[in-house]
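# Coordinate analysis (summary)
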Amino acid sequence: MTSIATVHYRLATKPVPGSGIVTPVDTAERWNDDRGDHRFGGFLIGLLVTTDPTAG
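First, a word on what this report is: a plain description of the structure on this page. (Residues numbered from 1 in each chain as written. Predicted model: local features only at pLDDT ≥ 70, side-chain atom pairs only at ≥ 80, totals over all residues. Heavy atoms only, no water.)

## Considerations on the overall build of the protein
Counting secondary structure elements, the protein contains 0 helices and 3 strands. The C-alpha atoms of the protein give 15 Å as radius of gyration, which overshoots the globular expectation for 56 residues (10 Å, by more than 25%). Considering only C-alpha atoms, the protein reaches an extent of 50 × 20 × 15 Å along its principal axes. Considering the protein as a whole, with its 56 residues, one finds that 18% of them fall into the buried category. A fraction of 54% describes how many contacts in the protein between residues 6 or more apart in sequence connect residues 24 or more apart. Per element, the accessible surface of the protein, about 4,600 Å² overall, is 54% carbon and sulfur. (Helix = DSSP H or I, 4+ residues; strand = E, 2+ residues; numbered from the N terminus. Rg over C-alpha atoms; globule rule 2.2 N^0.38 Å. Buried < 20%, exposed > 50% of the residue type's maximum accessible area, 1.4 Å probe, protein only. Contact = heavy atoms within 4.5 Å. Areas by Shrake-Rupley, 256 points an atom, 1.4 Å probe, with all protein chains shown as cover.)

Pasting the structure below:
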């Protein structure tokens, strides 16, 4: 894992396009609070993927 971030978004009858907020964090808690009118949507995880079977 190379990075982790929370994702929050505004919700009308469905998620509002362009309303996403991505915030880098050090650890993933089980749940995160909403941020004002933005709801917690989940985590964005960055991974380093290699096709080299000898890479560790």
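## Structural notes on the sheet that holds strand S2 (residues 21-24)
Pairing is antiparallel in the open sheet, where 3 strands are placed in the order S2-S1-S3. Edge positions in the sheet fall to S2 and strand S3 (38-46), since each has one partner strand and no second. Put simply, the sheet's adjacent strands are angled 25° from each other on average, direction ignored. As paired elements, strand S1 (residues 3-10) and S2 share 4 bridges and run antiparallel to each other. (Pairing = 2+ DSSP bridges. Axes fitted to C-alpha atoms, helices over the stretch in contact; angles between N-to-C directions.)

## Thoughts on the pattern of salt bridges
Per the counting criterion, the structure on display carries 1 salt bridge. A salt bridge links arginine 10 to aspartate 37; the shortest N-O distance between them is 3.8 Å. With arginine 10 in strand S1 and aspartate 37 in the loop between S2 and S3, the pair connects residues that are 27 residues apart, well separated along the chain. (Salt bridge = Lys/Arg side-chain N within 4 Å of Asp/Glu carboxyl O.)

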